[in-house]
Structures are given as C-alpha cells and as structure tokens.
Amino acid sequence: MKPILTLGIIGGNGWLGSALGRSVLSSGLISPNQLVVTASREHNRYQDWPGVICVESADALLEVAEVVVVSVRPEQFSLLTLSLENRLVISLMAKVPIVALAAATGSNRIVRAMPNAAASVGRSYTPWCAMPGLSAEDCAFVQRLFSACGVSDEVEDESQIDYLTALTGSGPAFPALLADALIQHAITQGISPTVAQRGVLQTLSGASQLMLDENASPADMVARFLDYGGTTTEGLNAMLQHGFRDAVQEGMKAAYGAVKC
Ligand SMILES: NC(=O)C1=CN([C@@H]2O[C@H](COP(=O)(O)OP(=O)(O)OC[C@H]3O[C@@H](n4cnc5c(N)ncnc54)[C@H](OP(=O)(O)O)[C@@H]3O)[C@@H](O)[C@H]2O)C=CC1
Ligand SMILES: O=C(O)[C@@H]1CCC=N1
C-alpha cells in the first residue's frame, strides 16, 4: 500500500478535527510532519507533537496536503473556496451531501464520514461512505484512518450517514443525558457529586463493555433484568411506564429531522 504523504485537516484545531488529528498521531498512522492543520502556531491542540505543520488558512494547507479532511461547521463550508481536483477529500460535516462536496471542490474522490466526540479518546464509532468509483486503495486508507480513532464501518449509502449522524454522531450526548439524570437523583439522596459521577460513569462504561464482551444485545440485557424480579426490575418498569422509550424516539426524530433540514 502506498504510504500517505501529507494529511491536511481544515478545521484541524476544532473539536472533532483535533480529535481526529491527535488520534492519528497517537496511533502512529502518520508522523507529525505528515499532518498539516489550520491552527495558529502559538495556540493549537498539538503541543505534544511540535512537528505538526500549523497554517493560518485553508489555501496554505492545500499547498501541501495530498489528502484533505474537511472539518468545519456546515455553515462555514459555504464560505470556503476549495479547488481539490484529483485529491482525496474526506468530509466530517453533518448535512453536506456528496453532490455538494463534489460541486464545491471539483474532486471525484469524495468520502463522507461521521465520527463522534469519543474520537478524542480513540473510542469513536465512525461510519463512512464513498462516492461511486473510489479506488480500493483510497477506501483502505479511509478505513485505516478511522480505525485509528475507534471502530469504523463502510456503509451502503449516504442516506445511512445522514441517519447515523443523528444516532452515533450525536450519540455520546445521549448517554450523557441519562448519566446526568442519574447523578442528579443520586445527589438528592445525599451521595456526594464525586461518588455519584464516578459511580454512574463507571456503570455506563461497564454496562457497554459487558454487552460487548458477552455479545449480548441491550434488549437481552433489559429482558434479563425485567425477568429477575428484583430492585432493577422495579426501576426499569417505572422508567418504561413514564415514557422512557417515547422520549428517546422523539429525541431521535428531532435529531434526524435536523440532519435532513
Ligand atoms: N463535535 C462533534 O461531536 C461532531 C462534529 N461533527 C462535524 O464536524 C464538523 C466540525 O465540528 P466541530 O469540530 O464540532 O466544530 P468546531 O467549531 O469545534 O471546529 C470547527 C473548526 O473549523 C475552523 N474553521 C472554520 N472556518 C474555517 C476556514 N474558513 N478555514 C480554516 N478553518 C476554519 C474553526 O476555526 P475558528 O474557531 O478559528 O473559526 C474551528 O477550529 C462539523 O461539520 C460537524 O457537523 C460530526 C460529528 C460529531
Ligand atoms: O451536533 C452536531 O451538529 C454535530 C453533528 C453530529 C454530532 N455533532
């Protein structure tokens, strides 16, 4: 496989762009001098890797980057002028379809990918899809790039990226909401905020790991506790009776609706 020469991240000092950049460096996929990001030389999130090339503008980045990741906000994208013919372009943006990316960049090598905030700790889930005709070599690179920041799957088509933007792209926020609700309740019961937070976060992460390790579906896990007949059963039943599933359905509808508007 041909080694990648220079990876550029427009928006590489932002929340997601820096999470990706730092992950690919930590994983050793690329070396610091193969990464160019739009970030100020003095204030950037790559202080651990002084070799990373920081440039002030997307134009300066395009002078050196062979593969270009676009990680600006969707509304910032229309302000960019990018001439990217012949370059592999990987967009992390919500809501910007491949057809618009092709029209704006002139590239016929385009990928849409949707990491999530857990990329910053190497635990993202990243679905991606390529425009038709992308070479096997480019696809292999994309898979390696996103494997560096977690688990990654190529999906069948772009509509799935749109749905998954709402499900897994936004996803870390949803267990965070559940965790906060649990913590707030614990605090009302006299548990210290420190213990409440430590206990709840370890419980969420432990529950995920348990289901992954045992290859158990969440539905199986819920059914097991509903059948158990203990304190957990009482808690689950009350949450279900108070509209837990409806609240989640409405939340997902709203997030997906926002992706499509
Ligand atoms: N955050 C998340 O959890 C996720 C985000 N995404 C997608 O990732 C993309 C980036 O989001 P996020 O990282 O959260 O946003 P941020 O606002 O944190 O980062 C955007 C970055 O783009 C930079 N930028 C904006 N315009 C330009 C420009 N013209 N030239 C160079 N750099 C520019 C900004 O610099 P400055 O601040 O100086 O303007 C900023 O560093 C979005 O499209 C979003 O939909 C997808 C999944 C998850
Ligand atoms: O909330 C957002 O708009 C971005 C896209 C998916 C996650 N974060």
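Computed from a prediction, not measured in an experiment: that's the story for all the values here.

**A few points about the UniProt feature "domain: Pyrroline-5-carboxylate reductase catalytic N-terminal" (unreviewed entry) in the chain**
Here is step 1 of the chain: In the UniProt entry, the feature "domain: Pyrroline-5-carboxylate reductase catalytic N-terminal" (unreviewed entry) is given for residues 7–94.
Here is step 2 of the chain: Across residues 7–94 one finds 24% helix and 22% strand; the C-alpha atoms that close the span lie 21 Å apart.

**Re the UniProt feature "domain: Pyrroline-5-carboxylate reductase dimerisation" (unreviewed entry) in the chain**
Here is step 1 of the chain: According to UniProt, the feature "domain: Pyrroline-5-carboxylate reductase dimerisation" (unreviewed entry) maps to residues 158–256 in the numbering used here.
Here is step 2 of the chain: The annotated region residues 158–256 carries 85% helix and 0% strand content, and the separation between its end C-alpha atoms amounts to 14 Å.

**Concerning the pattern of salt bridges**
Here is step 1 of the chain: Within the structure shown, the criterion is met by 5 salt bridges.
Here is step 2 of the chain: The shortest N-O distance in the salt bridge between R109 and D138 comes to 2.8 Å. With R109 in the loop between helix 4 (98–105) and strand 6 (110–113) and D138 in helix 5 (residues 136–147), this pair connects stretches of sequence that are 29 residues apart.
Here is step 3 of the chain: With its nearest N and O atoms 3.1 Å apart, the salt bridge here joins R112 to D162. Placement of R112 in strand 6 and of D162 in helix 6 (residues 158–169) is noted, with a sequence separation of 50 residues between them. Comparing R112 with D162 shows no difference in burial state: the two are buried.

**A few points about the packing of aromatic side chains**
Here is step 1 of the chain: All chains considered together, the criterion is met by 2 aromatic pairs.
Here is step 2 of the chain: For the ring pair Y163 and Y256, a centre distance of 5.1 Å and an interplane angle of 85 degrees mean the geometry is edge-to-face. Of the two residues, Y163 is situated in helix 6 and Y256 in helix 11 (residues 244–260); the sequence distance between them amounts to 93 residues.
Here is step 3 of the chain: For Y163, a relative accessible area of 33% puts it in the partly exposed group.
Here is step 4 of the chain: Centroid distance F225 to Y228: 6.5 Å. Interplanar angle 55 degrees. Geometry classified as tilted. Remark: Y228 and F225 occur in helix 9 (residues 218–228); sequence separation between them is 3 residues, near one turn of the helix.
Here is step 5 of the chain: Here the basic side chain of K260 rests over the ring of Y256, its NZ or CZ set 4.3 Å away from the ring centre.

**Concerning the nonpolar core**
The tendency in soluble globular proteins is for nonpolar side chains to be buried as a group.
Here is step 1 of the chain: Core analysis: the largest hydrophobic core is formed by 32 residues, its most contacted members being L7, L20, L35, I90 and F146.
Here is step 2 of the chain: Secondary structure elements with two or more residues in this core: strand 1 (7–10), helix 1 (15–26), strand 2 (35–38), strand 4 (67–70), strand 5 (88–91), strand 6 and helix 5.
Here is step 3 of the chain: Aside from chain neighbours lying at most four places away, what touches L20 is I9, V69, L92, L145, F146 and C149.
Here is step 4 of the chain: In this structure, V70, M93, M114 and M131 belong to the second largest nonpolar core, which totals 25 residues.

**Here's the deal with the site of ligand 2**
Here is step 1 of the chain: Around ligand 2, the neighbouring residues are A94, T165, G169 and S170.
Here is step 2 of the chain: Within the complex, the protein chains bury 42% of what would otherwise be the 240 Å² of accessible surface of ligand 2.
Here is step 3 of the chain: Residues of the shell around ligand 2, tallied by class, amount to 1 nonpolar, 3 polar and no charged.

**Thoughts on the packing of helix 6 against helix 11**
Here is step 1 of the chain: At a minimum axis separation of 8 Å, helix 6 and helix 11 run at an interaxial angle of 130 degrees. Judged by the inter-axis angle, helix 6 sits oblique to helix 11. Handedness of the crossing formed by helix 6 with helix 11: right-handed. Residue-level contacts link S159, D162, Y163, T165, A166 and L167 of helix 6 to M252, A255, Y256 and V259 of helix 11.
Here is step 2 of the chain: Across the contact of helix 6 with helix 11, the residue classes break down as 7 nonpolar, 2 polar and 1 charged.

So, how was this worked out
- Residues numbered from 1 in each chain as written.
- Chains lettered and ligands numbered in written order.
- Predicted model: local features only at pLDDT ≥ 70, side-chain atom pairs only at ≥ 80, totals over all residues.
- Heavy atoms only, no water.
- UniProt positions renumbered as here; feature names shortened; annotations may be inferred.
- Helix = DSSP H or I, 4+ residues; strand = E, 2+ residues; numbered from the N terminus.
- Salt bridge = Lys/Arg side-chain N within 4 Å of Asp/Glu carboxyl O.
- Buried < 20%, exposed > 50% of the residue type's maximum accessible area, 1.4 Å probe, protein only.
- Phe/Tyr/Trp six-rings, centres within 6.5 Å; stacked < 30°, edge-to-face > 60°.
- Lys NZ or Arg CZ within 6 Å of the ring centre and 35° of its normal.
- Core = buried A, V, L, I, M, F, W, Y, C linked by side-chain atoms within 4.5 Å.
- Contact = heavy atoms within 4.5 Å.
- Near = heavy atom within 4 Å.
- Areas by Shrake-Rupley, 256 points an atom, 1.4 Å probe, with all protein chains shown as cover.
- Nonpolar A, V, L, I, M, F, W, Y, C, P; charged D, E, K, R; others polar.
- Axes fitted to C-alpha atoms, helices over the stretch in contact; angles between N-to-C directions.
- Parallel < 35°, antiparallel > 145°, perpendicular 65-115°, else oblique.
- Left-handed = near helix turned anticlockwise from the far one by under 90°.

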